[in-house]
2 protein chains.
Amino acid sequence: MPDSIRQSPLYPIINPDSIVFFGASNRFTAMGTNQLNSLLSSGFGGKIYPIHPKETRVLDLKAYPRVRELPEVPDLAVLVLPTHIVPEAMEDCGKQGIKHAIVVSGGFKEVGGKGVELEKKLVMVADRYGMRFLGPNCLGVANPHHNYNVTFLPFEGRQGFIGLASQSGSLITQMFGYLSRFGLGFSSGISVGNEANVDIVDCLKYLAACPHTRVIGLYVETIRRGREFIDLARSIVPHKPIVAFYVGGSEAGKRAGLSHTGALAGPDALYEGVFRQSGVIRAYSIPELFDYCWVLGICPRPAGNRVIVQTHSGGPGAAAADACGRAGLELPSLSEKTLAKIAPMVPPTGSVNNPIDVTFSKNPLDFFDAIPDALLGDEQTDGLLAYFLTPGQSIRRTMTGMGIAEEEIPRLTEKLLDDQSRTMAGLIQKHQKPLVGFTFQSHQDLSIQKLLQYGIPVLPSPERASRAMAALVRYSCMLDKIRSQSLK
Amino acid sequence: MPDSIRQSPLYPIINPDSIVFFGASNRFTAMGTNQLNSLLSSGFGGKIYPIHPKETRVLDLKAYPRVRELPEVPDLAVLVLPTHIVPEAMEDCGKQGIKHAIVVSGGFKEVGGKGVELEKKLVMVADRYGMRFLGPNCLGVANPHHNYNVTFLPFEGRQGFIGLASQSGSLITQMFGYLSRFGLGFSSGISVGNEANVDIVDCLKYLAACPHTRVIGLYVETIRRGREFIDLARSIVPHKPIVAFYVGGSEAGKRAGLSHTGALAGPDALYEGVFRQSGVIRAYSIPELFDYCWVLGICPRPAGNRVIVQTHSGGPGAAAADACGRAGLELPSLSEKTLAKIAPMVPPTGSVNNPIDVTFSKNPLDFFDAIPDALLGDEQTDGLLAYFLTPGQSIRRTMTGMGIAEEEIPRLTEKLLDDQSRTMAGLIQKHQKPLVGFTFQSHQDLSIQKLLQYGIPVLPSPERASRAMAALVRYSCMLDKIRSQSLK
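Positions within a chain are numbered from 1, following the residues in the order the chain's sequence is written. Each chain takes a letter, starting from A, and each ligand takes a number, starting from 1, following the order in which they are written. Local features are withheld for residues below a pLDDT of 70 in this predicted model, meaning they are given only at 70 or higher, and side-chain atom pairs are given and counted only at 80 or more; totals for whole chains, interfaces and linings count all residues. Water and hydrogen atoms were dropped before computing side-chain values, which therefore reflect all heavy atoms in the structure.

Visitor: Tell me what's going on with the side chain of B:N15, and back it up with residues and numbers.
Guide: Residues and elements named next belong to chain B. Secondary structure is summarised from DSSP: a helix means a run of H or I of at least four residues, a strand means a run of E of at least two, and numbering begins at the N terminus for each. Mapped onto the fold, N15 is located in the loop between α1 (11–14) and β1 (18–22). Buried means the residue's accessible area, taken with a 1.4 Å probe over protein chains only, is under 20% of the maximum for its type, while exposed means over 50%, and partly exposed covers the values in between. Look at N15 and you get buried, because its relative accessible area is 14%. Side-chain polar atoms of N15 contact the side chain of N143, separated by 3.0 Å. By definition, residues are in contact when any of their heavy atoms lie within 4.5 Å. In contact with N15, not counting residues within four places along its chain, are N143, H146 and Y206. Think of a polar contact as two N or O atoms within 3.5 Å of one another; within protein, one of them needs to be a possible hydrogen donor and the other a possible acceptor, and neighboring residues in sequence only count if both atoms come from side chains.

What follows is the structure, encoded as structure tokens:
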């Protein structure tokens, strides 16, 4: 495990207090302008110095014609310039003692030919001045805990616990909204681009030490320092889970990676081996990458693979059971003791086999309280999958039927949903076992929002919930193995 | 292929003009009350006769104590009664000449023991009077084209083209909102329950003849008439695609099916064989079932498996390419002719390899017009996958930058999105090749809504889009095979 986060070359890149910005102008369609706009709208509290050859003000900030005219040596340079002038601008920065940079500009190694030469030149310049830089051909960084987003899109998310290092900038900047819809966010998102200087191994080191990061996600097209990656990941995994999505396992994916970041992808089995050796949990799609980060970041660790499915709908329950089976989870029967507790709460049309299907239950509140309490309390249970369906319309209909005044319904509905979500979240704490929900409802529905708010992960399908639970189990098994080895 | 839809025993069950309703009351928590409420709120235009032993009015409808006192012989009886009195109520219906029923009540074969006997009795009663019925242990039917929803949840969806026959009622009633978020809906959704009388084979026949149904979806826990299923499906597939999701392939799934609908699941390979023989496209999750129905229902048929990925974001593009590779699709290079058309529109930092990555494109409108026009026009292309990202915030920022007045922005944004979606949809028509979109944005975002509105499917991840495109290709191949065989 690395020690201090401040030792990382990425620290000033991810937490700068002052930035010199190349390539922004008052031309609103320019990429650089957009990125500076993102930075401004993220509420960044540090100094920003735009460099512009002609304009004296850029986006209402005082602009400077040259780096050497800045009033201080900034922590970081951000370059969104035409490719051919990037090395020169870096040289200017180096001369002024700037030690860190983000090179957004593309047109380097990933386009081949002259680009390869230009990238070499860029690296030489940086080395000459002892500079460390992210990129080129990257989208920068977002650190919501520092009110700092220098990527292309405005930040529309929240502070979170997922630290992502990505060979795709889009997977940072275009996921703000996606994650936010699930109540999630980045601790930091780092777009590494062509990794000419700082690479994904450096990011791993930084994120391992980052106090906001509870789980590390990787979008990988290639790993350039294999040995270092494996050794480092192995040292991190006992403390923080790492999830990786690898693109390049198929012939088409390999070609795509090459033109994207100049990545030389290896055969799928090679990467599978790297991940296995290093204890990295592998995800097989982009949504799965974030699903796994989600549950690994907030769920207690299951002691084993015995899972109970709790549902009031047969089909979603059966689909979850089937998906659990395919994902290598076991669905045990309930113990006699638990059965005795559960049976009175399940109508005769339901089922107390696993899945526990309460169907049209006697007391809907049991579903969030007494039933999961009994199930999580069973010694033969390591985790619970629960199907959620509480459509607003039905609650409204029930309350109207109870004679509750129309204007009272929204408040009472919110209170009901709040109470039951809090109760359920309390059970996770009490039993220290994972509970992973799933639903087909919109995650914007208040009933789901409340669950998310109390830290209950709710995935958008039984299959995704089952696979996420299996990822939790895989991580637990790995921890057990590591611990038993270190005891020997 | 069956002839007239009216010959189907399901016709009066799915399109009734008059209904006698057992089991609804003025007690708002009762399941029957909820189902009658759903029916009332669906805007059903036919007659409804509640049966109630004591109440004279139920939910503001005139109630009758007995069937024989009804003023007419209704098309359909809906029974939401305690299990033990169901056979008797059926007998009453039979005596009065009612020929069709939906038995919602559970507690039959699926609970074993006495339930098995009760189900036999129910079947005998129906046979005696020549009655056909859906269920027991089902959730009924939704036919939005008839303003008719008798399932538990209120209808919050739209008329659509997906005909679903499901051994899970939840997969009908709980998917209204899910489908609606994608701009989709059911032509008819049929919950078959225990299939004591009408079964999934009968549903296939009905849906094959249903003019609103463009694609048939099946949620399957067991197939009770294997031979008939295969023969019938084979006759339907050349005219209408069938997609099936099978639960029961794993040990856990099998057990879940048994307690759910008394289904005896077979080994996965057996069902795989049945689907293959019958030309049914198999889906491996519930979302995938609807993804496949979506694209098969609205896309032109691809001539082969050569797909181009169009993106402005490297990572999502590479992920799509990789997923295409894994799904058996080919990603050809562009022809010289197409390359010449495309190159001027792609900046040097982009890529004209496949994926076509326009990065930060020169003219954003090209992405919806000239570029897909050229790509779909390429003779070596059978279909296009396109990544969509048009966040409202960016459009707003650009328009603000152009000096457009704040109050004009919403209208102009809508016009812009409308124009580009219409243009793109026109290209699908022009080239008669499938275009499948994907995005990580919310489907409620106006930019995605507009694409959906013009009939462009937009899936929630590159992997799902790629697999859906592969399903389209699989169906096309099957059609080709069938045609070549019938020519022999």
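Past the structure itself, the notes keep going.
Visitor: Describe the relation of the copies chain A and chain B, and please don't skip the residues or the numbers.
Guide: The copies were overlaid by least squares, fitting only the C-alpha atoms of residues that reach a pLDDT of 70 or more in each copy. Of the two same-sequence chains, chain A is brought onto chain B (RMSD 0.0 Å, axial shift 0.0 Å) by a rotation of 180 degrees. The superposition of one copy onto the other is thereby described by a two-fold rotation axis. By residue overlap, the copies meet face to face through one surface: 100% of the interface positions of chain A are interface positions in chain B.

Visitor: Before we move on, can you summarise the interface of chain A and chain B with the specific residues and values?
Guide: Taken together, the contact pairs 74 residues of chain A with 74 residues of chain B. Taken over both partners, the interface formed by chain A and chain B buries close to 5,400 Å², and the fraction arising from carbon and sulfur atoms is 60%. Salt bridge, as applied in this entry: a Lys or Arg side-chain nitrogen positioned within 4 Å of an Asp or Glu carboxyl oxygen. Remark: the boundary between chain A and chain B carries 2 salt bridges. Residue A:D268 pairs with B:R326 through a salt bridge whose shortest N-O separation is 3.1 Å. Run the count over chain A and chain B and you get 18 residue pairs in polar contact (both at pLDDT 80 or more). Top contributing element to the side of chain A that touches chain B by residue count: helix α12 (residues 314–326) of chain A, with 9 residues. Ten residue types, Ala, Val, Leu, Ile, Met, Phe, Trp, Tyr, Cys and Pro, are classed as nonpolar, four, Asp, Glu, Lys and Arg, as charged, and the remainder, Gly among them, as polar. Taken together, the residues that form the side of chain A that touches chain B break down as 33 nonpolar, 31 polar and 10 charged. The term buried area denotes the loss of accessible surface (1.4 Å probe radius) that occurs when two parts are joined, taken as the sum for both partners.

Visitor: So what's going on with the state of the cysteines? Which residues, and what values?
Guide: The definition used for a disulfide is geometric: two cysteine sulfur atoms within 2.5 Å. Here the structure, examined in full by the defined rule, presents 0 disulfides over all chains. A:C293 carries a free sulfur, and the closest cysteine sulfur to it, the one in A:C299, is 12 Å from it.

Visitor: Summarise the confidence of the model for chain A; cite the residues concerned and give the values.
Guide: Reading fine detail from the predicted coordinates is not recommended where pLDDT is low. In this model, chain A carries a mean pLDDT of 93, and residues with pLDDT of at least 70 account for 96%. Here the prediction assigns the complex a pTM of 0.95, and the interface score ipTM is 0.93. The predictor's confidence in any single residue is recorded as pLDDT, a number from 0 to 100.

Visitor: Explain the environment of A:P154 to me, and be specific about the residues and the numbers.
Guide: Residues and elements named next belong to chain A. Locating P154 in the fold gives a position in the loop between β9 (148–149) and β10 (159–166). When its relative accessible area of 9% is taken as the criterion, P154 is described as buried. Sequence separation between P154 and C210 is 56 residues, and the spatial gap between their C-alpha atoms is 23 Å.

Visitor: Quick rundown of the packing of aromatic side chains? Include the residues and the values.
Guide: Here is the rule: rings of Phe, Tyr and Trp (six-membered ring for Trp) pair when centre to centre is within 6.5 Å. Planes less than 30 degrees apart are stacked, more than 60 are edge-to-face, and the remainder are tilted. One pass over the structure, following the stated rule, counts 32 aromatic pairs over all chains. Counting every residue linked through ring pairs, the aromatic cluster contains A:F155, A:F176, A:Y178, A:F182, A:F186, A:F290, A:W294, B:Y387, B:F438 and B:F440. Just above the ring of B:Y64 sits the side chain of B:K62; from NZ or CZ to the centre is 4.9 Å. The rule is short: NZ of Lys or CZ of Arg within 6 Å of the ring centre and within 35 degrees of the ring normal puts a charge over the ring. Looking at B:R214, its charged tip hangs above the ring of B:F161, at a distance of 4.5 Å from the centre.

Visitor: Can you break down the packing of helix α14 (residues 370–377) of chain A against helix α16 (residues 409–431) of chain A residue by residue, with the values?
Guide: All names here are of chain A. At a minimum axis distance of 10 Å, the contact between α14 and α16 shows a crossing angle of 15 degrees. With respect to their mutual orientation, α14 and α16 come out roughly parallel. α16 is crossed by α14, and the crossing has right-handed handedness. Together, P372, D373, L376 and G377 of α14 and M424, L427, K430 and H431 of α16 make up the contact between the two elements. Considered class by class, the residues forming the contact of α14 with α16 number 4 nonpolar, 2 polar and 2 charged. Angular values range over 0 to 180 degrees, each being the angle between N-to-C directions of two axes fitted as lines to C-alpha atoms, with helices fitted over their stretch in contact. Should an angle fall under 35 degrees it is taken as roughly parallel, and over 145 as roughly antiparallel, whereas 65 to 115 is taken as roughly perpendicular and any remaining angle as oblique. Left-handed describes a crossing whose near helix is turned anticlockwise from the far helix by less than a right angle; the clockwise case is right-handed.

Visitor: I'd love a proper account of the pairing of strand β15 (residues 307–311) of chain A, names of residues and values included.
Guide: All names here are of chain A. Most of β15 is tucked away, with 5 of its 5 residues classed as buried. Burial along β15 is two-sided: the residues V307, V309 and T311 and I308 and Q310 are all buried. Only strands that DSSP links by at least two bridges are regarded as paired with each other. As defined by bridge partners, β15 adjoins strand β16 (residues 356–357) across 2 bridges and the pair is classed as parallel. Each residue of the ladder has a partner; that of T311, found in β16, is D357.

Visitor: Go over the sheet that holds β15(A), please, and point to the residues and values.
Guide: All names here are of chain A. Ordered in space as β16-β15-β17-β18-β19, the 5 strands form an open sheet in which the pairing is parallel. In the strand order of this sheet, the two ends are held by β16 and β19 (458–459), each with one partner. Sheet topology note: the strand β17 (residues 383–387)/strand β18 (residues 435–438) ladder contains 4 bridges and is parallel. In the sheet register, L385 faces β18, and the bridge partner there is V436.

Visitor: Tell me about the pattern of salt bridges, and please be specific about residues and values.
Guide: This model, assessed by the stated rule, comprises 46 salt bridges over all chains. Taking the shortest distance from any N to any O, the salt bridge between A:D418 and A:R422 comes out at 3.2 Å. With A:D418 and A:R422 both in helix α16, this residue pair falls 4 residues apart, about one helical turn. By relative accessible area, A:D418 is classed as buried at 14%. When salt bridges that share partners are traced, they join A:D268, A:E272, A:R276, A:R282, B:D322 and B:R326 into one network.

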